[in-house]
Amino acid sequence: MQIKVNPTSDNPKVAAVTYGPIVLAGAMGTEGMLEPGPYSNPKLYNDYYTYDYHVPGSVSNQLNLDGKKLEKSIVKENDNVLKFKIKGTANTLKPIYDIHRERYIVYWNLNK
C-alpha cells in the first residue's frame, strides 16, 4: 500500500491522506476538552450549533506537504502499527478508526 494525498473534488488545496484504502487522520489530542466533551448535551435541543468545543489555538489543519514526494514527508513509525509521522512537525497520522475521544483532522489545507 502507498501513502497518497486525495484532494477534494471542489478544491485541490484541501485533501485527505490515505494509506491504501485506509483514511489517515491527524491525532490532535484532548487539550482543553471539558466534560461531557467532546460531545454536546443530548438533552438540549440543537446545542451542537452553540456548543463551545474549547479548541486550542495550536490545533491547525495546515499541512506543509509536497504531494509528489510523500515518501520524504511522511514516514511509518513502526512496521507493526499503522502510525505515521509527518517530518518537521509534531503531527501523527493514524487510521481514523483508531482515534477515540480526542480531536482529529481528516481534511488538510495543503500549503505546497
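Since the model is a prediction, treat every value here as computed from it, not as a measurement.

Student: Sorry if this is basic, but what is going on with the overall build of the protein here?
Tutor: Within the protein, the regular secondary structure consists of one helix and nine strands. Shown N-terminal to C-terminal, the secondary structure of the protein runs as helices and strands in the order β-β-β-β-α-β-β-β-β-β. Principal-axis analysis of the C-alpha atoms places the extent of the protein at approximately 45 × 35 × 25 Å. Taking as baseline every contact in the protein between residues at least 6 positions apart, the subset at least 24 positions apart corresponds to 58%.

Student: Would you mind showing me how to read the confidence of the model for the protein here?
Tutor: Caution applies to low-pLDDT parts of the model: their predicted coordinates are not meant to be read in detail. On average, residues of the protein score 83 in pLDDT, and 91% of them reach the 70 mark or higher. Predicted confidence in the protein is weakest over helix α1 (residues 70–73), with a mean pLDDT of 74, and strongest over strand β7 (residues 92–95), with 93.

Student: Sorry if this is basic, but what is going on with the environment of Glu 31 here?
Tutor: With respect to the helices and strands, the residue Glu 31 is situated in the loop between β3 (22–29) and β4 (62–63). On the basis of relative accessibility, which here comes to 52%, the residue Glu 31 falls in the exposed class. Along the backbone, Glu 31 and Arg 103 are 72 residues apart, and their C-alpha atoms lie at a distance of 8.9 Å. Ignoring anything within four residues of it in the chain, the contact list for Glu 31 reads His 54, Pro 56, Ser 58 and Arg 103.

Student: So what exactly am I meant to see when it comes to the nonpolar core here?
Tutor: Inside soluble globular proteins, nonpolar side chains tend to come together where they are buried. If you look at the biggest cluster of nonpolar residues, it comprises 18 residues, and the most contacted ones within it are Ile 3, Val 17, Leu 24, Ile 74, Leu 93 and Trp 108. Elements supplying a minimum of two residues to this core: β1 (3–7), β2 (14–19), β3, β6 (81–86) and β9 (108–110). Once residues within four sequence positions are removed from consideration, Leu 93 is found in contact with Val 17, Leu 24, Ala 25, Gly 26, Ile 74, Leu 82, Lys 83, Phe 84, Ile 86 and Trp 108.

Student: Mind showing me how you'd approach the pairing of β6 here?
Tutor: The side chains of a regular strand alternate, residue by residue, between the two faces of the sheet. Alignment of strand β5 (residues 74–78) against β6, held across four bridges, turns out to be antiparallel. Of the residues in β6, the one forming a bridge with Lys 76 is Phe 84. Hairpin geometry of β5 and β6 is characterised by an intervening segment of two residues between the two adjacent antiparallel strands. Examined bridge by bridge, β6 and β7 share two bridges and lie antiparallel to one another. Paired with Lys 85 across the bridge in β7 is Thr 92.

The rules behind these values
- Residues numbered from 1 in each chain as written.
- Predicted model: local features only at pLDDT ≥ 70, side-chain atom pairs only at ≥ 80, totals over all residues.
- Heavy atoms only, no water.
- Helix = DSSP H or I, 4+ residues; strand = E, 2+ residues; numbered from the N terminus.
- Contact = heavy atoms within 4.5 Å.
- pLDDT = per-residue confidence, 0-100.
- Buried < 20%, exposed > 50% of the residue type's maximum accessible area, 1.4 Å probe, protein only.
- Core = buried A, V, L, I, M, F, W, Y, C linked by side-chain atoms within 4.5 Å.
- Pairing = 2+ DSSP bridges.

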